[in-house]
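# Examination of the molecular architecture
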Amino acid sequence: MRQRLITGLIAGGGFLGICLWGGLEYHALVVMMALIGFYEFVRMIGLPAFGGTAVIGYAGVLYAVFPWSLLQLTNPLGMMGFFWLLMLLFFVVTVVSKNDIPIGQIALMFLGTVYIGLGFAYLAATRSTPDGHGLFWTILMLAAIWSSDAGAYFTGRRFGKTKLWPAISPNKTVEGAVGGVLLAVIVAALFALFSGGLLPVGRALLLGGSAAVVGQMGDLIQSAYKRVYGIKDSGTLLPGHGGILDRCDSWIAVFPFVHILGLLPMY
């Protein structure tokens, strides 16, 4: 716990500091996190970290998270068009290799590219939103996610009796999950009260609930595929926390969710 706390303070403080700074520096950090996350994913599923299909995946993640708008560039393909062409390229690899690279492998690579690439792309995009309040929205969502984690942990330890999903994550409880949702909603509501009218309370409650529920699902998703591959952590970059994917599993589920469903009132 001591190591986990020290790592969390250093890594979390560094991330928040660069987030406050914003601009290309913040976006570059998110790009680096995305590429490391994809590296962890490739290693986790037992494939060469820099093999042919992995290189295509790295390129896909980089394209997805590239700071097009900050550099005043137009994404030439659009995100949907790009991922369709990427999928086609992966299929071509299977055909050209005469099934030496089977469809199961390219399917996993494509899934990882979309999952990680879009997850971090939306994390980066939130900081540079058109309404000029990107820092507020980013800190709001991170605070809701972190408070959900804390609420679930401490409520689960104190009151947890009913297992939430023991086959996937044996330590999580229903009581902890509920505590996480409640604390995230309270924190989001406090953001609304001090937002000067920027964030309506009703929308804040929706965002807090979404951050908690989807964030906990992102955590369970990470636990599910780690259990399939028989590993405890996706990496060792953050002592006491594991890897980038272990630390950001909720983020890369929540940020796309609130954007795609239009829950952030920022446009």
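The following paragraphs examine the structure supplied in this document. Source: prediction; values computed, not measured.

## Some details on the overall build of the protein
Counting secondary structure elements, the protein contains 10 helices and two strands. Against the globule reference of 18 Å for 267 residues, the protein gives a C-alpha radius of gyration of 19 Å, in line with a compact fold. With the principal axes as the frame, the protein shows a C-alpha extent of 60 × 45 × 30 Å. For the protein, the residues scored as buried account for 46% of the 267 residues in total. Residue pairs in contact within the protein that sit at least 24 positions apart in sequence constitute 66% of those at least 6 positions apart. In the structure as shown, the protein presents an accessible area of about 13400 Å², 71% of it carried by carbon and sulfur atoms.

## A few points about unusual backbone geometry
Non-glycine residue Q72 carries a positive phi angle of around 55°. Counting through the fold element by element, Q72 comes out in the loop between helix 3 (52–65) and helix 4 (79–96). We classify Q72 as exposed; its relative accessible area is 74%. Unusually for a residue other than glycine, K98 sits at a positive phi of about 55°. Along the chain, the position of K98 falls in the loop between helix 4 and helix 5 (103–127).

## Concerning the packing of helix 7 (residues 174–193) against helix 8 (residues 201–228)
Relative orientation of the contacting elements helix 7 and helix 8 amounts to 145°, with a least axis distance of 8 Å. As helix 7 runs across helix 8, the sense of the crossing is right-handed. Along its contact with helix 7, which presents A177, G180, V181, A184, V185, A188, A189, A192 and L193, the element helix 8 presents V201, A204, L205, G208, G209, A212, V213 and Q216. Residue composition of the contact of helix 7 with helix 8, grouped by class: 13 nonpolar, four polar and no charged.

## Quick word on helix 3
For helix 3, spanning 14 residues, the distance from its first C-alpha to its last is 21 Å, which sits close to the expected 20 Å at 1.5 Å a residue. Taken together, the buried positions of helix 3 are T53, A54, I56, G57, Y58, G60, V61, Y63, A64 and V65. Against the buried residues of helix 3 lie helix 2 (23–44), helix 4 and helix 5.

Definitions and limits used
Residues numbered from 1 in each chain as written. Predicted model: local features only at pLDDT ≥ 70, side-chain atom pairs only at ≥ 80, totals over all residues. Heavy atoms only, no water. Helix = DSSP H or I, 4+ residues; strand = E, 2+ residues; numbered from the N terminus. Rg over C-alpha atoms; globule rule 2.2 N^0.38 Å. Buried < 20%, exposed > 50% of the residue type's maximum accessible area, 1.4 Å probe, protein only. Contact = heavy atoms within 4.5 Å. Areas by Shrake-Rupley, 256 points an atom, 1.4 Å probe, with all protein chains shown as cover. Axes fitted to C-alpha atoms, helices over the stretch in contact; angles between N-to-C directions. Left-handed = near helix turned anticlockwise from the far one by under 90°. Nonpolar A, V, L, I, M, F, W, Y, C, P; charged D, E, K, R; others polar. Expected span 1.5 Å × (residues − 1).

In short, the description is geometric, and any link to function would need to be established separately.
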